[in-house]
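# Structural overview for review
Below are the chains, spelled out letter by letter.
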Amino acid sequence: MKTLLKGGTVVGASGSRRADVLIENEIIAKIGEDLRDVDARVVDCAGMLLLPGFIDAHTHFDLDVCNTTTADDFESGSRSALLGGTTTVIDFACPNKGETLQYGLDLWHKKAAGRTFCDYSFHMTIDDWNEEIIAEIPAMFRQGISSFKMYLTYPAMMIGDKNVFLALQELKKHGGIAGVHCENADVIDALIAQAKEQGKMAPGSHPRTRPAPLEAEAVDRLLKMAEVADVPVVVVHLSSAAGYDEVLQARARGQKVFVETCPQYLLLDDSRYDQADYLESAKFVCAPPLRKAQDQEVLWKALADGGIQTVCTDHCSFTLQQKMAGQDDFTKIPGGLPGVETRGILLYTYGVAKGRISKEKMAEVLSENPAKLYGLYPRKGILAEGSDADIVVYDPAGQHKLTHEALSANVDYSPFEGFDIAGSVRQVWLRGTLAAQEGRLLQEAGGIFLPRGKCRL
Ligand code: DUC
Ligand code: ZN
């Protein structure tokens, strides 16, 4: 089976060119000018951008949080991902304390197998540290799990600085990479207790009890631990200029630090938490919280100059009904935002079309860098001969307003409701098959698990 995408502009991190793309079965067979193949079905892509399928390396599907479960499971979450041009997600397998890593991995395979529309892999969450867990780590690598997640906040997930340090040392032996959620748990606890004493129970207390210096402190602490362990790390969902400053200081000391941010930190600010209507504020509760417009500008500049390597979503969705849980107590609002479907259109509109980043940078931070960072490159993340034919056909023409009704995630709102959008995702090709076209899904759940190698960024 052959398909020829004709007349589009092939976009990659290192440049763009007008070229045709010949797909044979699941793979890109050839890229070049004026390609012909009598056996191929021809698809006219004149005026279109051809981008490598987007990779969202930070999703939480089918996750139990705050006595509830995320609204999106692998079926609805991956459907939403694919419709937005994301052809691969890396979700977080998450064993509870006391369970083995293998139990967590098997459970996540069960949640995803046979019902995932895009390709997928898992990071492994380390929320416990003991001899059994240490002994399991080589088996994780053998099963294609080469990246790990740790938390410096959330008591249910934290293992303490000593164990974070020991885990960094242990992962280094195997060539693994860790992504870390950086917020100072103890001081946040103190601020929450003070807010409660003062009767400040509304969502507006959420950002005030998790201020940016407490992200910066945790970023600094992580990076000092990584410096002593002599190992690169990933700061996930970086939200603040203060946190980014700590990254720059570590790099100035000679450290290799990778940074991820998310569309919500680039485009939304903390004024969202002070709306009179409870739900209008609660629906934006996530951790770290939204920051200030000045933080957004710093993050955009860092994206443009290469200081931030990836934009993922931290998609962790709850319905408005679920968000009602914190009506009398902001700490009970399940934290997380939907976004897996809107990352590409938002980055195109507010990054490329607004001139903040180039389309090549967009391909780099949505596709090539996540593929390199998490051991999927060059199978994924680039349009090149021999790579999987995961292709987003983006039509840069036209404007529309984003509405949650037009999205497919299993939630009744979008944090980006009413945002103007430039262009649209016309087609999404997953391993050589036209999987989605103009907002319609054309394929059954055909995603496969991707075992991953080591970091190549
Ligand atoms: N932050 C959230 O808001 N939700 C899920 C996990 C996280 O770190
Ligand atoms: Zn997350």
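Data block above holds the structure.
## A look at unusual backbone geometry
Across the junction of A287 and P288, the peptide omega takes the value -5°, indicating a cis bond. Take P288: it is sitting in the loop between α10 (278–282) and α11 (293–304). Between Y377 and the following residue, P378, the backbone shows a cis peptide bond with an omega angle of 5°. Phi is positive for H237, close to 30°, though the residue is something other than glycine. With respect to the helices and strands, H237 occurs in the loop between β13 (233–235) and α8 (241–252).

## A look at the site of ligand 1
Around ligand 1 lies a shell formed by H60, Y154, H181, H237, C286, A287, D314, C316, G335 and G336. For ligand 1, whose free accessible area comes to 240 Å², the fraction covered by protein is 95%. The pocket occupied by ligand 1, as judged from atoms lying within 2 Å of grid points, is the largest pocket. Considering only residue class, the shell around ligand 1 consists of four nonpolar, five polar and one charged.

## Some thoughts on the layout of surface pockets
The space that makes up the largest pocket amounts to roughly 1100 Å³. In terms of lining residues, the largest pocket is bounded by 48 residues, among which V65, C66, Y154, A156 and M157 are the most central. Only β7 (64–65), α2 (101–112), β11 (147–151) and α5 (185–197) provide two or more residues apiece to the lining of the largest pocket. For the lining of the largest pocket, the element with the most residues is α5, which contributes five residues. Lining the second largest pocket we find 14 residues, and of these E341, H400, A406, L407 and G439 sit closest to its centre. Those elements giving two or more residues to the lining of the second largest pocket turn out to be β16 (391–401) and β17 (420–430).

## Side note on the environment of C455
Turning to its location among the elements, C455 is positioned in the segment after β19 (440–441). Separated by 197 residues in the primary sequence, C455 and F258 have C-alpha atoms spaced 11 Å apart. Look past the residues within four positions of C455 in its chain and what remains in contact with it is F258, K372 and L373.

Rules used in this analysis
- Along each chain, residue indices are assigned from 1 in the same order as the chain's sequence is written.
- Both sets of labels track the order of writing: A upward for chains, 1 upward for ligands.
- Given that the model is predicted, a residue must reach a pLDDT of at least 70 before its local features are reported, and side-chain atom pairs must reach 80 or more before they are shown or counted; all residues, however, enter totals for whole chains, interfaces and linings.
- Side-chain descriptors were evaluated using all non-hydrogen atoms of the structure, hydrogens and water having been removed beforehand.
- Helix and strand assignments come from DSSP, with helices taken as H or I runs of at least 4 residues and strands as E runs of at least 2, each series counted from the N terminus.
- We call a residue near a given molecule or strand whenever any one of its heavy atoms falls within 4 Å of it.
- Surface accessibility in these figures is a Shrake-Rupley result with a 1.4 Å probe; residues are shielded only by whichever protein chains are displayed.
- With a 1 Å grid laid over protein atoms only, a set of points is called a cavity when a 1.4 Å probe fits there but cannot get out and a pocket when it is open yet has protein on both sides within 12 Å along at least five of seven lines; lining residues have an atom within 4 Å of a point.
- Pocket occupancy is defined atom-wise: a molecule lies in a cavity or pocket when more than half of its atoms are within 2 Å of its grid points.
- In the scheme used here, Gly and all other residues not listed as nonpolar or charged are polar, with Ala, Val, Leu, Ile, Met, Phe, Trp, Tyr, Cys and Pro taken as nonpolar and Asp, Glu, Lys and Arg as charged.
- Grid points are joined across faces, edges and corners, and a volume is the space filled by probe spheres set on the points.
- The contact criterion used is simple: two residues touch if any of their non-hydrogen atoms lie within 4.5 Å.

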